[in-house]
Structure formats: C-alpha cells, structure tokens
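Below, each chain spelled out in residue letters.
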Amino acid sequence: MLHVDLDQFIAAVEVLRRPELAGRPIIIGGRGDPTERAVVSTASYEARAFGVGSGMPLRIAARKVPDAVILPVDQDAYLAASETVMATLRERPGATVQVLGWDEAFVGVETENPEAYARQVHDAVLERTGLHCSVGIGDTLVRAKVATGFAKPAGVFRLTADNWLDVMGSCPTRDLWGVGSKVSGRLAKLGINTVAELAASDPVGLVPEFGPKMGPWYVELGRGDGTSVVDDTPWVARGHSRETTFQRDLTDPAEVEAAVRNLTAQVLADVLAEGRPVVGLTLKIRYSPFVTTTRARKMPATSDGSEVLARALDLAAEIEEGRPIRLLGLRAEMAMPDDSRKGHTPIRGGW
C-alpha cells in the first residue's frame, strides 16, 4: 500500500497561480493581512525554515519572515485542486483509494514493483495538476504513512517489517503517527523514549496509564503494525465546525451571546444540509492573549435548531465573565450512518 502526500500543498497551489512566487517564503492565513488577528494555515518550505508553522499567529509569522509573501486562504481553490488529485489517483491501474484529507490518501494496489508504481503515481499527479507529491510504501497503513516523511520532498521510500526498527528504532516516540508530544511525555515517564523501546514494551504494562484499548494500541504503533487494508468507503464527516477570530476582544455578555448565536446558525446550516441529527456540541473559547479551552456536552439526537441553540447557549454560560475573548468556535457532532467507515486515523479506532 502507498501513502500519497502532496508536498506543501496549499502553498504549491498558490505558486501554480502565481509562478513568480516560486522559491519565495509564502505564508497563508486569514485574509492575508498580518495586522489582523488570524493564524497561519500553512507555509512554504522557505518560510518553515524560519520557524513558521500552522496555527502560529499571523502577526508573529510576519515578524519572523519580514520579506514573506502573505496570502489569504482560498478554500475553493484548494478543494478543486484536491479533487483533481484524488481523481488522478483513482484512475491509476488497479488502485483502491482511501482519502484522508485535502492533501493525502492511501492507495492500495497489487504490484510486483511498488517503487515503480509509486513513481508513476507521482508523475501522473504532476502531469495532471503541476503538483509534486511524496509517496510512502508500506506493508501496513501505519508504515506507509510514516514512510512518506522519509520520502519528502517528491520522493519514494519503503518501510516494512524488515526495516521498520532499523529506520525507526532510535527515533523518539513522538515521531510516530498518532503519538504527539503529550503522549510521548507520558511514555517517557514510564521509561519509554524511543520507538524501539515502545515496540519492546509489554502491552499490558501500558494499560494502567492509557487504558485497555489505547495502551496496547501504542505498542502496536511502536511496532508499525496494524491493518493492511485500504478502505475506499467514502469518509463521512463526524461533525461540522465554525469559528471566528475577533479583531477586538469581546467582553460584553450581549456580544458574546450574539457571536454564539451567529456561530450556531452557521453550523446548523452545514449540519442540516447533511440531514443527520446533532448528538453533541463543543464550544471553543480562546481568551486573550492566547489561552484556549473547550466546553463539550453530549445531547439526545435532534435536528431541532432551537434545541441546538439552547444547548450552545448553555455552554456559553460557562464562559468566564469579564475575561476578554479573542476567538469563539462551535462544533456540532452528528449521528453517524451505520455503513460509514469506522476508522480514519490510528487513534480513532477501526485500525
């Protein structure tokens, strides 16, 4: 199986539209105005070399790279490019395609020469879209995904059971797909710092720290194990979310309520278009200067907009009164169809 990952996808799409930007540091976020409150959506490799990364306040990113080209987010352009790439992958001989997001997908195929097939995939995407991709080859989805990191940019790399520990064994556990800094920190407290140490761990020994499901799963990740089946069942969104960054901090309760009502209306429009009931809400609050917290509640399945609004306002009532608010976001979780794909990433089950 292959993991196909488009290189600096959003920045690359912008360069296609503006070839004169090739080789320049590019930062994309918000409306492209660093004097406004917004965060970086992505950055070109040239900008990343200065420490710019996704989620960084746009104002700080602009200070790090004074000569960067700063562009607004254009979701329609990125979605159109993504759809063309995925269509190109589906046209490859014998390919089963599992889309993971705008810029990545698994491709399952039977071939005697996966490296040659991977290079053909790269060439086909480049010819059709002008975009480069990196391709990881693996005998499990996890190994294919991790292999892509060694293939960048625009290369091919293979990870299997035979070379997994040779390549990954000395790497820190945070380099694994599905293990972030928090989990790696908890593993370190157990004396597990490298992939090889995690792979050699007793799965039962991790249960007290991570639980009966995730403890053994982290050991499985350390070994690069997991499913070797590419599932092309269309991915169904679990929820929809909207958020707003305010150019001026909100402190007035009436303004906060109005903002929550507006977010709820936007989210409901997205949810009702899918025809599935809401089963949970999460309110995201970012207090000034940059402290983020969430409030979440499950709820009986409903498509009643007034009921969803009432629950959203209940969450808003938990906001700390008088504390300046920089951003509000609302996510509605929807009931999942019985035939939907159960897994999407290694830590969400199904794999």
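Before reading on, note that the structure itself is shown above.
Participant: Teacher, can you tell me more about the sheet that holds strand β1 (residues 2–6) here?
Facilitator: Within a sheet, neighbouring strands are paired by backbone hydrogen bonds and run either parallel or antiparallel to one another. The strand order β5-β6-β1-β7-β8 describes an open sheet built from five strands, whose pairing is mixed. Every interior strand has two partners, whereas the edge strands, β5 (96–101) and β8 (156–159), have only one. Averaged over all neighbouring strand pairs, the angle between strand axes comes to 20°, with direction disregarded. Pairing of strand β7 (residues 133–138) with β8, which is carried by four bridges, proceeds in the parallel orientation. Across the sheet, residue V135 finds its bridge partner in β8, namely V156.

Participant: Would you mind showing me how to read the environment of V52 here?
Facilitator: Relative to the elements of secondary structure, V52 occurs in the loop between α2 (45–48) and α3 (58–64). Note on V52: relative accessible area 4%, which makes it buried. Spatially, the C-alpha atoms of V52 and R311 are 37 Å apart, while their sequence positions differ by 259 residues. Setting aside chain neighbours within four positions, we find V52 in contact with I27, V40, A43, A47, A61, K64 and V65.

Participant: How should I be thinking about helix α8 (residues 181–189) in this particular structure?
Facilitator: The periodicity of an α-helix, 3.6 residues per turn, causes residues three or four positions apart to be oriented the same way. What α8 keeps buried is the set V183, S184 and L187. With its buried residues spanning 100° around the axis, α8 presents them on a single face. Counted as exposed and oriented over 90 degrees from the buried face of α8: S181, K182 and K189. Once α8 finishes, G191 follows within two positions and takes phi at roughly 85°, a positive value.

Participant: How should the sheet that holds strand β10 (residues 278–287) be read in this particular structure?
Facilitator: The strand order across the open sheet formed by four strands is β9-β12-β10-β11, and the pairing between neighbours is antiparallel. Each having just a single partner strand, β9 (239–250) and β11 (291–302) make up the two edges of the open sheet. The average undirected angle you get between the axes of adjacent strands in this sheet is 15°. The sheet contact formed by β9 and strand β12 (residues 325–334) spans eight bridges and is antiparallel. Its bridge partner lying in β12, E243 is registered against G329. Of the strands in this sheet, β9, β10 and β12 touch helix α11 (residues 253–274), which is tilted by about 160° from β9.

Rules and cut-offs
Residues numbered from 1 in each chain as written. Predicted model: local features only at pLDDT ≥ 70, side-chain atom pairs only at ≥ 80, totals over all residues. Heavy atoms only, no water. Pairing = 2+ DSSP bridges. Helix = DSSP H or I, 4+ residues; strand = E, 2+ residues; numbered from the N terminus. Axes fitted to C-alpha atoms, helices over the stretch in contact; angles between N-to-C directions. Buried < 20%, exposed > 50% of the residue type's maximum accessible area, 1.4 Å probe, protein only. Contact = heavy atoms within 4.5 Å. Arc of directions from axis to C-beta.

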